[in-house]
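Understanding the architecture of this molecule
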Amino acid sequence: AQTVTQSQPEMSVQEAETVTLSCTYDTSENNYYLFWYKQPPSRQMILVIRQEAYKQQNATENRFSVNFQKAAKSFSLKISDSQLGDTAMYFCAFMKLSYGQNFVFGPGTRLSVLP
Amino acid sequence: NAGVTQTPKFQVLKTGQSMTLQCAQDMNHNSMYWYRQDPGMGLRLIYYSASEGTTDKGEVPNGYNVSRLNKREFSLRLESAAPSQTSVYFCASSAALHFGNGTRLTVT
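Let me sum up the structure you'll find in this document. Quantities reported herein were computed from a predicted structural model and do not represent experimental measurements. (Residues numbered from 1 in each chain as written. Chains lettered and ligands numbered in written order. Predicted model: local features only at pLDDT ≥ 70, side-chain atom pairs only at ≥ 80, totals over all residues. Heavy atoms only, no water.)

Turning next to the state of the cysteines. The tally for this structure, following the rule as stated, stands at two disulfides over all chains. One disulfide in the model links A:Cys23 with A:Cys92; its S-S distance is 2.0 Å. As the torsion about the S-S bond is roughly -70°, the A:Cys23-A:Cys92 disulfide counts as left-handed. A residue pair is termed long-range when its members are at least 10 positions apart, and A:Cys23 in the loop between β3 (19–21) and β4 (24–26) and A:Cys92 in strand β10 (residues 88–96) qualify at 69 residues. A:Cys23 sits in the buried class, given a relative accessible area of 1%. Note on cysteine connectivity: B:Cys23 is disulfide-linked to B:Cys91, with sulfurs 1.8 Å apart. Torsion about the S-S bond of the B:Cys23 and B:Cys91 cystine: about -75°, corresponding to left-handed handedness. Linking B:Cys23 in strand β3 (residues 19–25) with B:Cys91 in strand β9 (residues 87–93), this pair joins segments that are 68 residues apart in sequence. Comparing B:Cys23 with B:Cys91, the two get one shared label, buried. (Disulfide = S-S within 2.5 Å. Helix = DSSP H or I, 4+ residues; strand = E, 2+ residues; numbered from the N terminus. Buried < 20%, exposed > 50% of the residue type's maximum accessible area, 1.4 Å probe, protein only.)

This is the structure in structure tokens:
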């Protein structure tokens, strides 16, 4: 079974600064996807970024980028130029590609961006 | 552009009552999912449906049943609600998970 660990329950960052959220996972699968989701106080779940395990190049979406280390099973999220609207819970998630296609989510990191 | 629509948004039940959470997607996705979210535990998969006509148990299926009525709709039923089922429920579709806005369920 897959597990996803987020070791930082809470973090804070000053506006305009950079912050990195950690995520590690455990799997015996070779083909899979990794995701970061954002959940603001509105409770809506928003996909931030996605990484395919077969791609060595780290995914980037505007101010959001990942550091994907497949051998270490690590998938951290870097937020550059943090904005007040980035305040939210952030969830790391793993999806296997073999039958079942079910996701496993980490427990989340609560990020507060301070003015 | 409705995406994934969940109803109701809020519900209060008494122990032993039954109810069905409805979910519909208009993106022609094959796979659909039901999750529950509890404080400090992230999202846990209750049931999923890889395609119309198929359903499979997830991590926490006990106390729930599902029905994939057609490609668009995937409902979650609580036959006899228990306080331990107090949670926020999310429906989602597709491999990148397009989420509904959630249902906050309280069982007293």
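On to the interface of chain A and chain B. One frequently used descriptor of interface size is the decrease in accessible area upon assembly of the parts. Counting residues at the interface gives 18 residues for chain A and 23 residues for chain B. Ranking the residues of chain A by area buried against chain B places A:Arg43, A:Met45 and A:Phe105 at the top, with a combined share of 37%. Scanning the region where chain A abuts chain B turns up zero salt bridges. If you look at where chain A meets chain B, you find three residue pairs in polar contact (both at pLDDT 80 or more). Mapped onto the side of chain A that touches chain B, the elements with two or more residues apiece are β5 (32–39), β6 (46–52), β10 and β11 (103–105) of chain A. Per element, the largest residue contribution to the side of chain A that touches chain B is three residues, and it comes from β5(A). Considered class by class, the residues forming the side of chain A that touches chain B number 10 nonpolar, six polar and two charged. (Contact = heavy atoms within 4.5 Å. Buried area = accessible area lost by both parts, 1.4 Å probe. Salt bridge = Lys/Arg side-chain N within 4 Å of Asp/Glu carboxyl O. Polar contact = N/O pair within 3.5 Å; in protein donor to acceptor, adjacent residues only side chain to side chain. Nonpolar A, V, L, I, M, F, W, Y, C, P; charged D, E, K, R; others polar.)

This is a description of form; function is not addressed.
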